[in-house]
Each structure stands twice: as C-alpha cells, then as structure tokens.
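# Understanding the architecture of this molecule
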Amino acid sequence: MIGRQAFHSIPAAQRVGQCVTDPLQSLREVILAHHEVDSWVLLSHSGFDEDRKLAAACPFLDVVFAGHCHSDQYGPVRVDGTLVAKGRELADGYAIATPVGTGWGAGSTTFPNRAPSRFPMELADLCSLIENVKQQLAAVLGPISPAYRHQPLDRRSLLVELTARLRTALGADAVILNETALRAVPLCDTLTQGDLLSIEPFANQLVHAHVPEPARSGLRGLLSGLTAQTGPLVTAPDPLPDAITTVLTTDYLADTYLGGRTYEVGLRLDQAVQHVLIITAPVTAEGSS
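Everything quoted here is computed from the prediction, not taken from an experiment.

A word on the sheet that holds strand S1 (residues 41-43). Taken in spatial order, the four strands make up an open sheet running S1-S2-S4-S3, and their pairing is mixed. Strands with a single pairing partner mark the edges of an open sheet, and in this sheet they are S1 and strand S3 (77-79). Across the sheet, the axes of successive neighbouring strands diverge by a mean angle of 20 degrees, strand direction being ignored. Both S1 and strand S2 (residues 63-66) contribute to a ladder of three bridges, which runs parallel. The residue of S2 that forms the bridge with Val41 is Val63. Most of the contacts of helix H3 (residues 48-57) go to strand S4 (residues 82-86), to which it runs at about 165 degrees, and overall it touches S2, S3 and S4.

Attention shifts here to the layout of surface pockets. Quantified by volume, the largest pocket comes out at close to 1,100 Å³. In this structure, the largest pocket is lined by 43 residues; those nearest its centre are Gln5, Ser46, His68, Gln229 and Thr230. Sorting the residues of the lining of the largest pocket by element identifies helix H1 (4-8), helix H2 (23-33), H3, helix H7 (219-230) and helix H8 (251-257) as the ones contributing at least two each. Residues that form the lining of the largest pocket fall into these classes: 13 nonpolar, 19 polar and 11 charged.

Counting 27 residues, the largest nonpolar core has Leu158, Leu162, Ile199, Val273 and Leu277 as the members making the most contacts within it. Contributing elements (two or more residues each) for this core: helix H5 (155-170), strand S9 (175-178), helix H6 (193-199), strand S13 (233-236) and helix H9 (269-277). Considering every element that reaches this core, the biggest residue donor is H9, with five residues. If near-sequence neighbours (up to four positions away) are discounted, Ile199 is found in contact with Leu153, Ala181, Leu182, Arg183, Val185, Leu187, Leu191, Val273 and Leu277. Residues Ala174, Leu233, Ile244 and Ala254 belong to the second largest nonpolar core, which totals 17 residues.

We now examine the environment of Trp104. The topology assignment puts Trp104 in strand S6 (residues 103-110). Assessed through its relative accessible area of 23%, Trp104 is described here as partly exposed. Remark: the alpha-carbon pair of Trp104 and Gly225, spanning 121 residues in sequence, is separated by 37 Å. Reaching out from Trp104, the side chain makes a polar contact with the side chain of Ser39 at a distance of 3.4 Å.

The next thing to look at is unusual backbone geometry. Here the bond from Ala236 into Pro237 is cis, since omega is -5 degrees, no more than 30 degrees from zero. Secondary-structure assignment places Pro237 in the loop between S13 and strand S14 (246-250). Note that the residue after Asp238, namely Pro239, is joined by a cis bond; omega there is 5 degrees. Within the fold, Pro239 resides in the loop between S13 and S14. A positive phi angle is found at Asp80, which is not glycine, with a value near 55 degrees. Following the sequence through the fold, Asp80 ends up in the loop between S3 and S4. The exposure class of Asp80 is exposed, given its relative accessible area of 60%. With a phi close to 60 degrees, His150 is a non-glycine residue in the positive phi region. Here His150 falls in the exposed class, since its relative accessible area comes to 54%.

Parameters at a glance
- Residues numbered from 1 in each chain as written.
- Predicted model: local features only at pLDDT ≥ 70, side-chain atom pairs only at ≥ 80, totals over all residues.
- Heavy atoms only, no water.
- Pairing = 2+ DSSP bridges.
- Helix = DSSP H or I, 4+ residues; strand = E, 2+ residues; numbered from the N terminus.
- Axes fitted to C-alpha atoms, helices over the stretch in contact; angles between N-to-C directions.
- Contact = heavy atoms within 4.5 Å.
- 1 Å grid on protein atoms, 1.4 Å probe; cavity = no way out; pocket = protein on both sides within 12 Å on 5 of 7 lines; lining within 4 Å.
- Points joined across faces, edges and corners; volume = space filled by probe spheres on them.
- Nonpolar A, V, L, I, M, F, W, Y, C, P; charged D, E, K, R; others polar.
- Core = buried A, V, L, I, M, F, W, Y, C linked by side-chain atoms within 4.5 Å.
- Buried < 20%, exposed > 50% of the residue type's maximum accessible area, 1.4 Å probe, protein only.
- Polar contact = N/O pair within 3.5 Å; in protein donor to acceptor, adjacent residues only side chain to side chain.

See the structure below:
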C-alpha cells in the first residue's frame, strides 16, 4: 500500500492519469473481499506515524512493515493487537516478523558488516569498483563543528541555522525547508562523503519558487498543508512575513507543492549542509589557510 504523502512525493509529470484512494477505505474493502484469511501482513509506504494510525483503525492487521519514514523510528510498537516495524534505512538492515504461538513477534536488524575473504575471479572487476566507491565514501570533508559532534544529527537545529544562512547569503525573502529532507545520522569528529550522502541522499537542488497566488494572503494554511504532506517545516524568518511571493526551497517542494521554480540557485542542499556542519579553517593575512 502507498500512502497519500508518498504518492504526492512522486513528481506530478510522472503520475499523470494516476490517483490515490484513501488507504483505510482500501484496506477495509480488501478484508471484506477476502475474509477467510489466517493472518494479515501489510507492506506499507505511508510513514511510521501513519502506519500506527492505520493499525489502530484496522485491528484485523497482524503485522505492518512500515516504509517512507525518513525518521529514526523503527519499532516494533504494538498498537492493540498489531505490530508495526520498520527496517533500518539506507539499506542498513531489514525488519522481520515471525509467528510466535498464536500471535506474532517482530523486530529490525542490521545486515552483517563483513565480506568474504575471497571472491571468484569473475567478480574481480566488480570488487575493484566496490573498493573504489568505499574509498570515495571514506573521503574526509572536514572536522565537524563541536555543536554537532558525537551525537545523532539534530535535523531541526541544523535547518534553523541553515535557513538563516541561506536567507542572508542568497538574498531570499524567505526560506522553507522540510526536516524529512535530511536523515538523523550519528556523527563523529569528521564529516566524510559517506556521512553527507547518508544525511541527504535525495540530491535536492535549492531553487527559488513562486508562492501560489491563493496562498499569499493565507500563509498559515499553506504551511499547514505542507506540514501535513512533507512533515515538520523550518522557515526563515519565523513566522513568515505576509504577502511574500517567492521563497527559497528545494526543487522537490517547489515542483510538487508550490507554484513551480523560478530559477535554480546552483547549490545543492547537501553542499549547504556541509558548510554548516564542518569547521572552515581561517584564512591568514597571507591568504593561506
């Protein structure tokens, strides 16, 4: 099952002629059509919080495998008689459910972090490519700022700092970013290319976008609708000024929910995140760092 939020995250041009029905209605129609079933296991692409609501509304479900989360919730959690579990993201692991007595047990686990000591000769070229990618991901981009070091990334704190910087540096009237554009990755002393890719794996571009005309006189409604579709937002300034006509945001938000992009900034979200997270060496009087 795909949820409404996940459906609307698909670029509009790629879902022309398609529609999404209410997931709760669809599930109830399924159980009415197939009532002689021993157990119900739902594979859902709706988001962990939405799946908990579905489990509460559909007590016939035994297990829900959750997806489309962009969050650090993995469960399992029990909602009445239903278990909701999610596999670890970024291909780090998987969720598992097993019959236990008259019910079910569920959990999540990681894939083993080990490789065979020897490979078939036929895979030598592939192994070499994999090793090259591992080295690229291990490349150090710089030391992490003490405010973010040795802890899971606080997405909201980072975005508060980032939106303020972007607004000043790029001369935007306002900036809107959603927390779920980033992942809460544990950080150490240095930021690697792999860390940055884990934090922002979506390749979002920063763009200027139109605020739809009907929303310009009612920004609260616009932000409320965006939050319902994309998760918590961070804006600069906060609150937004009345009657703004353009905002700086991601291409995803611009193309999917706003009035379309006016032009690209030429800066990716991950590049902007990198500038906030790492300490830039000061420049000396001679011009060297």
